[in-house]
Amino acid sequence: MGVPGALLGVDRRWLVAGVVSAAVDSTTFGILQFVVGSLELSQAVAFALSLLAGLIVLRGVPFPRPRLLMLLAVVLAYPLRAGVLSLTGPHLPAVLAIVPGALLGSLGLVLAVATMSDGRGAVVWTRAAVLAIAYLLVLRLVFIGQINLLPQEAYYWNYSRHLDIGYLDHPPMVAWLIAASLALGKSEFLVRLPAVICWAVMLGFAVALARDVAGRTSVPATALLAATLPYFFIVGVFVTPDSPLAAAWAAALYGLHRALFSGSQRAWIGAGAAIGIGMLSKYSMVLVPAAAFVFILVDPQSRPLLRSRWPWCGVLVALLAFSPVIIWNLQHDWASFSFQGSRRLAERTVEFSLPEFLAYVLLLLTPLGVLAFWRLLHPVATQAADGPGRGRGAPVAAIDARERRFLLSMTIIPLSVFAVASLRAETKFHWTGPIWLALLPVLAATTALPGLAAQALDRLLIRCWPPLLGVLIVVYAYGFFYYPVWGVAGVRVLNHYLKVDWRELRAQVLAIEEAVFQETGRHPAVVGLDRHNTADELAYYDPRGDGSRDTASRHLFFDDNAVMYEFWFSREAFAGQDLIAVSPRREDVEDPRVVAAATRLGPVQVLTAKRGGVVVGTYYARVVYGYRLPEQRP
């Protein structure tokens, strides 16, 4: 029985308590908002009083065990309710704005009770997975439109405004997805919506793979892990090339497993399409077919497939899907392949980053995931492949030796590439993220006995997975959603580009633009003087809506890399034009190269970056009248 069915069996007093709590919440908030005027204080006190009212109604009613799960439900109800309030607050009177959030928070608590009403492990895991995934999905839908775009997201939005079949630093899939979403309008919600959809696709294929590898009983735990482990959560919130990459990686793993273990010929075509789409998302997708090829070479049962036409048909499909990027590179002197390969290696200094690489693995997989990975590497304790209950409702089905070899190949081979690279170059925390999709069935097998075995390590994992996943969900709810929107008493210690209210800062730049127009009769362009972050944000938050057409980057003044801005905006196109140079560093706008590029130079103007009325930083702007090309400068 799922969560909706379990809800019918909940003591009616819980339902009454939910209704009473929502009513007290709404009424108290309206009164406090009228009296004290502080939105954050009003909602916090109203929430506390609504919980007290619910406890009074439930006096004498036995609480489900463990009690910590009820506390977790209460802790998670608050940011959801706050998010709905911040969403509805600007559009409704305070008394009405709180109602949807109060009702949703109360419903969440009642559903949590329903989830815990049956103590059987398999039932609880199923209900918990459904409820947690639904909760994280609703959080996304409530909050993603309320948080300013990160600079990288605004950069990929700019991709979509300069739509093409290829780009210098990434393939075009993320641009295509954003462009399709923005056909519905323009908002942060729509820019990020493809990430949510890709997350759902990734989740579906991850579950399908786990069902085929470890049986139906592994599905709830796999789904919960795919929704809550750090990398898989993040790619479903912020839109980057990793979002479609994760979806394509999961689809490719599923297709390859079906082709290799079920003998499905069509699965080769599906796997090829997934690999091609993944290559259109990020070049690291090439590690999937490379790992699959190694597995076929070392697996005697798979080796004859090299003489079959179907795997090669899959290769052809992948190449056809990837062909737009090949064509773009042909047209641009192999710029993207060079940027990601020889040029990037030449620009990097030798840096031993293996410790950071290992730390990132520990962060993405969590310590429990690392222990579960260790279990995969020690198959001696694994159940026999023909053990009882495989695929017929056993707590966790066995993973046989050949499938274990497949999972190892799809994990260790891509992982080793990044590990070797970290011996001489910088590594980034998200690079190994999609690799762990192949490990999810094994991680799921460690959430319940008999699991892979019944040893002390397995029992430790069983005890530790639920609290770890609960902590992760709390961190996501407050750290990724509540805190960026609400802060704590107005304080937001965030990444610099995230804490700035870019709409408000862009309005200050617009005021300078209008002053220049009044003086000269010409509309100036805007130039961000860092690599591309400032230009990204100023372009997206241009209130006139045409920022992608007249917001350039530092390459107009400096001989530094400005990625795709060098392709979109040539220096010649701005010759003689008035520019507004903007930077978070005063020395940038006073740089001699900026001075030399001006026929006439305006004074340095200070822009105050704010968030929620609180000053969070300072930017500097300077008008460059009559931009001069390098050959025209003294």
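Here the structure is a predicted model, which means the values were calculated and not measured.

K.L.:
Looking at this model, I keep getting lost on the overall build of the protein. Mind explaining?
P.N.:
Scanning the protein for helices and strands turns up 28 helices and 6 strands. For the protein, the residues scored as buried account for 54% of the 634 residues in total. In the protein, the proportion of contacts linking residues at least 24 apart, taken out of those at least 6 apart, comes to 74%. By element, 66% of the accessible surface of the protein is carried by carbon and sulfur atoms, the whole surface being about 26,300 Å².

K.L.:
Please explain the packing of helix H13 (residues 266–279) against helix H15 (residues 309–331) as it appears in this structure.
P.N.:
For any two helices packed against each other, the geometry comes down to the angle between their axes and how far apart the axes lie. At a minimum axis separation of 7 Å, H13 and H15 run at an interaxial angle of 30°. One element, H13, and the other, H15, form an angle in the roughly parallel class. As for how H13 packs across H15, the hand of that crossing is right-handed. Side by side, H13 and H15 meet where Trp-268, Ile-269, Gly-272, Ala-273, Ile-275, Gly-276, Ile-277 and Met-279 of the first sit next to Trp-310, Pro-311, Cys-313, Gly-314, Val-317, Ala-318, Ala-321 and Phe-322 of the second. Along the lines of polarity and charge, the residues of the contact of H13 with H15 split into 13 nonpolar, 3 polar and no charged.

K.L.:
I'm lost on a nonpolar patch on the surface in this one. Help?
P.N.:
A contiguous nonpolar surface patch, about 880 Å² in accessible area, is contributed by Ile-31, Phe-34, Val-35, Val-36, Leu-41, Val-45, Leu-49, Leu-52 and Ile-56. Going through the elements one at a time, helix H2 (12–35) and helix H3 (39–57) are the ones with two or more residues in the nonpolar patch. Counting residues per element, the nonpolar patch draws most heavily on H3, at 5 residues.

K.L.:
Would you mind going over H2 with me for this structure?
P.N.:
Since one α-helical turn is 3.6 residues long, residues separated by three or four positions face the same way. Along its 24 residues, H2 runs 35 Å from first to last C-alpha, staying within 8% of the 34 Å computed at 1.5 Å per residue. All of the buried residues along H2 are Trp-14, Ala-17, Gly-18, Ser-21, Ala-22, Asp-25, Ser-26, Thr-28, Phe-29 and Gly-30. Of the residues flanking the end of H2, it is Gly-37, one or two places downstream, whose phi is positive at about 80°.

K.L.:
It is not clear to me how the packing of aromatic side chains should be interpreted in this structure. Could you clarify?
P.N.:
Any two aromatic rings considered together are summarised by their centre-to-centre distance and by the angle between their planes. Throughout the structure, instances matching the rule amount to 38 aromatic pairs. By way of ring pairs, the aromatic residues Tyr-155, Tyr-156, Tyr-159, Tyr-167, Tyr-565, Trp-568, Phe-569 and Phe-574 are connected into one cluster. Above the ring of Trp-199, the side-chain terminus of Arg-140 is found at 3.8 Å from the ring centroid. Note that Arg-402 overlies the ring of Phe-261, its terminal NZ or CZ placed 4.4 Å from the centroid.

K.L.:
How should I be thinking about the pattern of salt bridges in this particular structure?
P.N.:
For side chains of opposite charge, pairing can occur when their charged atoms come near one another. Using the criterion set out here, one finds 22 salt bridges in the structure. Among the ionic pairs, Glu-519 bridges to Arg-600, the shortest N-O distance being 3.0 Å. Here Glu-519, found in helix H23 (residues 502–520), pairs with Arg-600, found in strand S4 (residues 598–601); they are 81 residues apart in sequence, far enough to count as distant. For Glu-519, a relative accessible area of 47% corresponds to the partly exposed category. Within the structure, one salt-bridge network assembled from shared partners comprises Arg-506, Glu-513, Asp-542, Arg-544, Asp-546, Arg-549 and Asp-550.

K.L.:
I'm lost on empty space enclosed by the protein in this one. Help?
P.N.:
A water-sized probe, rolled over the atoms, reveals where empty space remains. On inspection of all chains with the given rule, the structure shows 2 cavities of 30 Å³ or more. In this structure, the largest cavity spans a volume of roughly 60 Å³. Among the elements of the structure, H2, H3 and helix H5 (94–116) are those that each provide at least two residues to the lining of the largest cavity. Here the lining of the largest cavity gets 5 residues from one element, more than from any other, and that element is H5. Tallied by class, the residues present in the lining of the largest cavity amount to 3 nonpolar, 5 polar and 2 charged.

K.L.:
I'm lost on unusual backbone geometry in this one. Help?
P.N.:
Both trends apply: most residues other than glycine have a negative phi, and most peptide bonds are in trans. One non-glycine residue, Trp-334, lies in the positive phi region at around 55°. Looking at Trp-334, the relative accessible area reads 38%, which means it is partly exposed.

Reading the values: the criteria
- Counting restarts for each chain, with residues numbered from 1 along the sequence as it is written.
- At least 70 in pLDDT is required for a residue's local features to be given in this predicted model, at least 80 for side-chain atom pairs to be given and counted, and no such filter applies to totals for whole chains, interfaces and linings, which use all residues.
- Side-chain numbers come from the whole structure's heavy atoms, not from hydrogens or water.
- Helix numbering and strand numbering both begin at the N terminus, where a helix is a DSSP run of H or I of at least 4 residues and a strand a DSSP run of E of at least 2.
- Think of it in three bands: with a 1.4 Å probe and only protein chains considered, a residue is buried below 20% of the maximum accessible area for its type, exposed above 50%, and partly exposed in between.
- Residue contacts are counted whenever heavy atoms from the two residues lie within 4.5 Å of one another.
- Accessible surface area values rest on a Shrake-Rupley calculation with a 1.4 Å probe, where residue burial reflects the displayed protein chains alone.
- Axis lines are fitted to C-alpha atoms, over the contacting stretch for helices. Their N-to-C directions set the angle, which ranges from 0 to 180 degrees.
- Should an angle fall under 35 degrees it is called roughly parallel, over 145 degrees roughly antiparallel, and 65 to 115 degrees roughly perpendicular, with every other angle called oblique.
- Two helices that cross are described as forming a left-handed crossing if the nearer one is turned anticlockwise from the farther one by less than a right angle, and a right-handed crossing if clockwise.
- Under the grouping applied here, Gly and all other residues not named as nonpolar or charged are polar, the nonpolar ones being Ala, Val, Leu, Ile, Met, Phe, Trp, Tyr, Cys and Pro and the charged ones Asp, Glu, Lys and Arg.
- Residues enter a patch when their relative accessible area is above 30% and they make no salt bridge; the linking distance is 9 Å between like charges and 5 Å between nonpolar side chains (Val, Leu, Ile, Met, Phe, Trp, Tyr).
- Any carboxyl oxygen of Asp or Glu within 4 Å of a side-chain nitrogen of Lys or Arg constitutes a salt bridge here.
- Expected span, for any helix, means 1.5 Å times one less than how many residues it has.
- Ring pairs shown here join Phe, Tyr and Trp side chains whose ring centres sit within 6.5 Å, with only the six-membered ring taken for Trp; geometry is labelled stacked below 30 degrees between planes, edge-to-face above 60, and tilted in between.
- Throughout this description, the term charge over a ring refers to an Arg CZ or Lys NZ atom that lies within 6 Å of the ring centre and within 35 degrees of the ring normal.
- Note on definitions: the grid is 1 Å and covers protein atoms alone; a cavity is a set of points where a 1.4 Å probe fits but cannot get out; a pocket is an open set with protein on both sides within 12 Å along at least five of seven lines; lining residues have an atom within 4 Å of a point.
- Grid points are joined across faces, edges and corners, and a volume is the space filled by probe spheres set on the points.

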